[in-house]
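Survey of secondary and tertiary structure
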Amino acid sequence: MTASPLPIEFVTSAIDAKVLPPSPAEVAFVGRSNVGKSSLINALANRKQLARVSNTPGRTQLINMFALPNGSTLVDLPGYGYAAVPGRVKQGWQKMIEGYLIEREELVNVFVLIDGEIGPTKLDVQMLDWLRANGIAHTVVATKHDKVKSAKRQTRKKDLAAGCMLEPGDIVWVSASKGVGIEMLRSLVLGHLN
Ligand code: GDP
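Now for a look at the structure at hand.

1. So, the pattern of salt bridges
Under the defined criterion, the tally for this structure stands at 8 salt bridges. The salt bridge partner of Glu9 is Arg47, with a shortest N-O separation of 3.5 Å. Residue Glu9 is located in strand 1 (residues 9-14), and its partner Arg47 is located in the loop between helix 1 (37-45) and strand 3 (63-67); the two are separated by 38 residues in the primary sequence. One salt bridge connects Arg32 with Asp115, and the closest N-O pair in it is separated by 3.6 Å. Taken together, the positions of Arg32 in the loop between strand 2 (26-31) and helix 1 and Asp115 in strand 5 (residues 107-115) put the pair 83 residues apart, joining distant regions of the chain.

As structure tokens, then:
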């Protein structure tokens, strides 16, 4: 398996998953706002501005779709849990995303991003519970590996996995800034989409 940058190109943005074009196979990325999702997608592609990195969490409530040359797709779902989003908008978002995750036939795997510095939040655990309850295939990716001090890494890896009700070996740790785990994640994505 190759681990060179994923040759993905931007396809479209949508506010509703229902209008996304068909795809032979798709993976989705989901996580709370500011988890490092845009930075990670850029690192996978080795591009600086493919996905927009924002200092204002929650500003982008759009679904972004990217495609590999073989037509298979990566979907960047809007970040959840931004405090300033009014309740009704949050609910609408939740319904739309849940509908997508359940109904999208092309979807082969969901990468659930958890902030490695903070560990799983209540919303992250809810998302994992919901994916399990609905039998939706997923992989937990812990971001910002570089932000965890090396002396604390072993404990953090154990605690984060336990918080997700998983074993440490189940979690893919990445750092978009330092490149840690990026090649591994590229291989996993290609494994699902090739
Ligand atoms: P998104 O809201 O999930 O798309 O998150 P962004 O990619 O916009 O990143 C949110 C913040 O975390 C930004 O300030 C990024 O620079 C920072 N960030 C993202 N990935 C990493 C990482 O691997 N290491 C460090 N130290 N910071 C990161």
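From this point, things continue past the structure.
2. Here we look at the site of the ligand
Taken together, 16 residues lie around the ligand, and Lys37, Ser38, Ser39, Asp146 and Ser177 are the ones closest in. In this structure, an oxygen atom belonging to the ligand sits 2.6 Å away from a side-chain N or O atom of Ser39. Bound to the protein, the ligand loses 79% of the 580 Å² it would expose on its own. Across the shell around the ligand, the residue classes break down as 3 nonpolar, 9 polar and 4 charged.

3. Details of the packing of aromatic side chains
All told, the structure shown has 2 aromatic pairs when counted by the stated rule. Their ring planes at 70 degrees and their centres at 5.9 Å tell us that Phe10 and Phe66 sit as a pair that is edge-to-face. One end of the pair, Phe10, is in strand 1; the other, Phe66, is in strand 3, with 56 residues separating them in the sequence. A relative accessible area of 1% means that Phe66 is categorised as buried. Note on Phe29 and Phe111: the rings are 5.1 Å apart at their centroids and 20 degrees apart in plane angle, and the pair reads as stacked.

Rules used in this analysis
- Numbering of residues starts from 1 in every chain and runs along the sequence as written.
- Totals for whole chains, interfaces and linings use all residues, but because this is a predicted model, local features are given only for residues with pLDDT of at least 70 and pairs of side-chain atoms are given and counted only at 80 or more.
- Values shown for side chains rest on all heavy atoms present in the structure; no hydrogens or waters enter the calculation.
- Put simply, a salt bridge is a Lys or Arg side-chain nitrogen that is within 4 Å of an Asp or Glu carboxyl oxygen.
- Secondary structure elements follow DSSP: runs of H or I no shorter than four residues count as helices, runs of E no shorter than two count as strands, and numbering proceeds from the N terminus.
- Definition of nearness: a residue and a molecule or strand are near each other if at least one heavy atom of the residue lies within 4 Å of the molecule or strand.
- Here a polar contact means two N or O atoms within 3.5 Å. Within protein one must be a hydrogen donor candidate and the other an acceptor candidate, and residues neighboring in sequence count only if both atoms are side-chain atoms.
- To be clear on the numbers: accessible area is Shrake-Rupley with a 1.4 Å probe, and residue cover counts the displayed protein chains and nothing else.
- When residues are grouped by polarity, Ala, Val, Leu, Ile, Met, Phe, Trp, Tyr, Cys and Pro land in nonpolar, Asp, Glu, Lys and Arg in charged, and all others, Gly among them, in polar.
- Two rings from Phe, Tyr or Trp (for Trp, the six-membered ring) form a pair when their centres are within 6.5 Å of each other. A pair whose planes differ by under 30 degrees is stacked, one over 60 is edge-to-face, and the rest are tilted.
- The buried label goes to any residue with under 20% of its type's maximum accessible area, the exposed label to any with over 50%, and the partly exposed label to all in between, with areas taken from a 1.4 Å probe on protein chains only.

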